[in-house]
Amino acid sequence: MLVLVDGDVEATVAGLKARGVEIVTEPQEAPWQPGRTVAEFRDSEGNRMVVAGK
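Heads up: these notes are all about the structure in this document.

**Section: the pattern of salt bridges**
Right, on to step 1. Tallying each qualifying case throughout the model produces three salt bridges.
Right, on to step 2. For the salt bridge of E22 with R42, the shortest nitrogen-to-oxygen distance reads 3.8 Å. Residue E22 is found in the loop between α1 (9–18) and β2 (23–29), and its partner R42 is found in strand β3 (residues 37–42); the two are separated by 20 residues along the sequence.
Right, on to step 3. Note on E22: relative accessible area 46%, which makes it partly exposed.
Right, on to step 4. On the basis of relative accessible area, R42 is assigned to the partly exposed category, the value being 29%.
Right, on to step 5. A salt bridge links R48 to E40; its shortest N-O distance comes to 2.5 Å.
Right, on to step 6. The exposure class of E40 is buried, given its relative accessible area of 13%.

What counts and what doesn't
- Residues numbered from 1 in each chain as written.
- Predicted model: local features only at pLDDT ≥ 70, side-chain atom pairs only at ≥ 80, totals over all residues.
- Heavy atoms only, no water.
- Salt bridge = Lys/Arg side-chain N within 4 Å of Asp/Glu carboxyl O.
- Helix = DSSP H or I, 4+ residues; strand = E, 2+ residues; numbered from the N terminus.
- Buried < 20%, exposed > 50% of the residue type's maximum accessible area, 1.4 Å probe, protein only.

Below you can see the structure in the form of structure tokens.
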């Protein structure tokens, strides 16, 4: 799994959705780190990717 760090997870997920990317997990607080937002999506090959806010 690849984790990408981004300053605005919600905006990034909205942009991915607009391009037809499968969102597996909507932006939510990371259970392992309060205050960090994470979301999961699949790339064109079906690999799971996570985008995490700073």
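Read on for the rest.
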